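What follows is each chain in one-letter form.
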Amino acid sequence: MGSGKSTIGRIIAKELDNSYFLDTDSLIEHFENRQISEIFANEGEEYFRNCEKKVFNWITENVKNGIISTGGGLPMFIPEIKEAGIVIYLKVDFEKIISRLTKEEMAKRPLLQDITKAKELFNTRDKIYTQLADYVIKNEELNTTIKQIKKILKLT
């Protein structure tokens, strides 16, 4: 959250032929007919991770030519993420991510309620994301990042 993946994903999807943007967290909310914060509060993290797995399976079976934004835990709990396609990690410093989020966005994310723990989680995830990614792009400026992705996808 706050890395720019939704903004960038939508822009790239518009530039690809027969493509569209999907967000795994939004898909979970639609499949479950409730918000992620409700899922965590009522069912817990394990249930949520099972929802992520179901969405991932649905994507791998049904989605072609999509630009997919994953929730932060998906690559941690579903290391076979590359089965869905090219994996690009939009790397942003933790402090920058926190500065981009509104209070409402922070409140929506149970794992961001304790900043110290969130920073530890970020550091753990950063290592795994870097290992799993086909490409790591330091997302500091929108247009530069989009150009880098277009080059990877051979759109330029």
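Throughout what follows, the structure given in this document is the object of discussion. (Residues numbered from 1 in each chain as written. Predicted model: local features only at pLDDT ≥ 70, side-chain atom pairs only at ≥ 80, totals over all residues. Heavy atoms only, no water.)

Brief notes about helix α4 (residues 45-62)
Since the α-helix advances by 3.6 residues per turn, residues separated by three or four positions end up pointing in the same direction.
Here is step 1: Its 18 residues give α4 an end-to-end C-alpha distance of 25 Å, which sits within 8% of 26 Å, the value for a rise of 1.5 Å per residue.
Here is step 2: Inspection of α4 places Phe 48, Arg 49, Cys 51, Glu 52, Val 55, Phe 56 and Ile 59 among the buried residues, and these make up the whole buried set. Along α4, the residues classed as buried sweep out an arc of 155° about the axis, all on the same side. Away from the buried face of α4 by more than 90 degrees, exposed residues Glu 46, Lys 54 and Glu 61 are located.
Here is step 3: If you follow the buried residues of α4, they end up packed against α2 (24-32), α3 (36-43), β2 (66-69), α5 (74-77) and α8 (115-132). (Helix = DSSP H or I, 4+ residues; strand = E, 2+ residues; numbered from the N terminus. Expected span 1.5 Å × (residues − 1). Buried < 20%, exposed > 50% of the residue type's maximum accessible area, 1.4 Å probe, protein only. Arc of directions from axis to C-beta. Contact = heavy atoms within 4.5 Å.)

Focus: the packing of α2 against α4
The description of two packed helices rests on the angle between their axes and on the distance between the axes.
Here is step 1: Direction vectors running N to C along α2 and α4 enclose 105°, while the axes themselves pass 10 Å from each other. On the basis of the axis angle, α2 is roughly perpendicular to α4. Contact residues: α2 offers Thr 24, Asp 25, Leu 27, Ile 28, Phe 31 and Glu 32, while α4 offers Tyr 47, Phe 48, Cys 51, Glu 52, Val 55, Trp 58 and Ile 59.
Here is step 2: Within the contact of α2 with α4, the residues separate by chemical class into nine nonpolar, one polar and three charged. (Axes fitted to C-alpha atoms, helices over the stretch in contact; angles between N-to-C directions. Parallel < 35°, antiparallel > 145°, perpendicular 65-115°, else oblique. Nonpolar A, V, L, I, M, F, W, Y, C, P; charged D, E, K, R; others polar.)

Comments concerning the nonpolar core
Here is step 1: Grouped together as the largest cluster of nonpolar side chains are 11 residues: Leu 22, Leu 27, Ile 28, Ile 36, Ile 39, Phe 40, Phe 48, Cys 51, Val 55, Ile 59 and Val 63.
Here is step 2: Going through the elements one at a time, α2, α3 and α4 are the ones with two or more residues in this core.
Here is step 3: Counting residues per element, this core draws most heavily on α4, at four residues.
Here is step 4: By size, the runner-up hydrophobic cluster in this structure holds 10 residues, among which are Ala 13, Phe 21, Ile 146 and Ile 152. (Core = buried A, V, L, I, M, F, W, Y, C linked by side-chain atoms within 4.5 Å.)

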